[in-house]
Amino acid sequence: MEVGALVIIFALLVLFSVLGLGAWATAKAVGAAKRGVDRTITQARRTVEDTTLKAKSLGQIGVTASLAQLRLDLRTSMRATQQALHDGVRSDPSLKESIGLFERLSAHGRELDDELRRLEQEPDRKRTAEMLPELRERAAKIKQSADSLRWAARERARRFSEDELSSLSEQIEVESGALRDWSREPVDDLAAAAAAWDAAQTPPPGAAPGRDAQAEPGPTALNPSAPAPSYPWQKAPRPETTT
């Protein structure tokens, strides 16, 4: 009975785990899809708004056109800087600090953009026109700071690319020089190696001859040496005994 209960409990745990994983995967998929839809909607809304600002800046005159042009210039500069920094940080992590500064600058940019949007609906055009110089100054400061960050990031990336290209060019020149070195042929290299080996095998002057040098060359099979001559005063050779 206890074994059966344990089996049932284990089966329920497995079932609940599978259901939990399925719910988690479903939630992740739904969240990813929702984020994708939100990004698409945001991008579409941004494109429509930019198109509207371009139309206002070109098709109207006076305060409305000035406000639209200010917003368009500000948004274009901020968007380009954001893209440049986020693209550059992938290969240069030191740009994270620049991204932090840009996020603080973006807060001022969004604040000014919201104010310009509200002023587009302001019926008191005279009061809005009086505010235009101060609004242009604020927009110029934000735009100048954003442009400075963007160009600094681009110059840094270009400098890294130039340094890497210079180093690569130097390595290629060294390798090309080695490939073009035809002053010594392979046969000359082999001859030099053979001469070095022979020199290593030759004993130095004054050295005692070795066992191989003292040994007399033995008779060859094809040309045996002549027997030594015998003389009358020599004793007969003693036969060898086996005892």
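Rules of the game
Residues numbered from 1 in each chain as written. Predicted model: local features only at pLDDT ≥ 70, side-chain atom pairs only at ≥ 80, totals over all residues. Heavy atoms only, no water. Helix = DSSP H or I, 4+ residues; strand = E, 2+ residues; numbered from the N terminus. Buried < 20%, exposed > 50% of the residue type's maximum accessible area, 1.4 Å probe, protein only. Contact = heavy atoms within 4.5 Å. Areas by Shrake-Rupley, 256 points an atom, 1.4 Å probe, with all protein chains shown as cover. Expected span 1.5 Å × (residues − 1). Salt bridge = Lys/Arg side-chain N within 4 Å of Asp/Glu carboxyl O. Axes fitted to C-alpha atoms, helices over the stretch in contact; angles between N-to-C directions. Parallel < 35°, antiparallel > 145°, perpendicular 65-115°, else oblique. Left-handed = near helix turned anticlockwise from the far one by under 90°. Nonpolar A, V, L, I, M, F, W, Y, C, P; charged D, E, K, R; others polar. Core = buried A, V, L, I, M, F, W, Y, C linked by side-chain atoms within 4.5 Å. pLDDT = per-residue confidence, 0-100.

### Focus: the overall build of the protein
Secondary structure summary: the protein contains six helices and zero strands in total. For the protein, buried positions account for 19% of its 243 residues. Nonlocal contacts in the protein, meaning residues at least 24 apart in sequence, comprise 67% of its contacts between residues at least 6 apart. Here the protein displays about 19,600 Å² of accessible surface, and carbon together with sulfur accounts for 60% of that area.

### Points about the environment of Ser176
Mapping Ser176 onto the fold places it in helix 4 (residues 125–179). On the basis of relative accessible area, Ser176 is assigned to the buried category, the value being 18%.

### Focus: helix 3 (residues 96–120)
In a regular helix each residue adds 1.5 Å, so 25 residues correspond to 36 Å; helix 3 covers 35 Å between its end C-alpha atoms and thus fits that length. Every buried residue of helix 3 is listed here: Ser98, Ile99, Phe102, Leu105, Ser106, Gly109, Leu112, Asp113, Glu115, Leu116, Leu119 and Glu120.

### A few points about the pattern of salt bridges
Tallied over the entire structure, the rule returns 12 salt bridges. The residue Arg71 makes a salt bridge to Asp113 at a minimum N-O spacing of 3.0 Å. Of the two residues, Arg71 is situated in helix 2 (residues 63–88) and Asp113 in helix 3; the sequence distance between them amounts to 42 residues. For Lys143, the salt bridge goes to Asp147, with nearest N and O atoms at 3.2 Å. Linking Lys143 with Asp147, this pair stays in helix 4, spanning four residues, or about one helical turn. Using a relative accessible area of 33% as the deciding quantity, one classes Lys143 as partly exposed.

### Side note on the packing of helix 2 against helix 4
Packed helices, taken two at a time, are described by the angle between their axes plus the distance between the axes. Running from amino to carboxyl end, helix 2 crosses helix 4 at an angle of 15°, the nearest separation of the two axes being 9 Å. Considering the angle they form, helix 2 stands roughly parallel to helix 4. Every pair of crossing elements has a handedness; the one defined by helix 2 and helix 4 is left-handed. For the contact of helix 2 with helix 4, the per-class residue count stands at 16 nonpolar, five polar and seven charged.

### Considering the nonpolar core
Ranked by size, the top nonpolar core spans 21 residues in total, and within it Leu67, Leu70, Met78, Leu112, Leu116, Leu135 and Ile142 carry the most contacts. Listing elements by their share of this core, those giving two or more residues are helix 2, helix 3 and helix 4. Among the elements that make up this core, the one with the highest residue count is helix 4 (seven residues).

### Focus: the confidence of the model for the protein
Mean pLDDT over the protein: 76, with 62% of residues reaching 70 or higher. Per-element averaging of pLDDT across the protein places helix 6 (residues 211–214) at the bottom with 48 and helix 3 at the top with 93. Low pLDDT, under 50, characterises residues 211–215; the stretch is placed with one contact to residues that sit more than four places away or in other chains.

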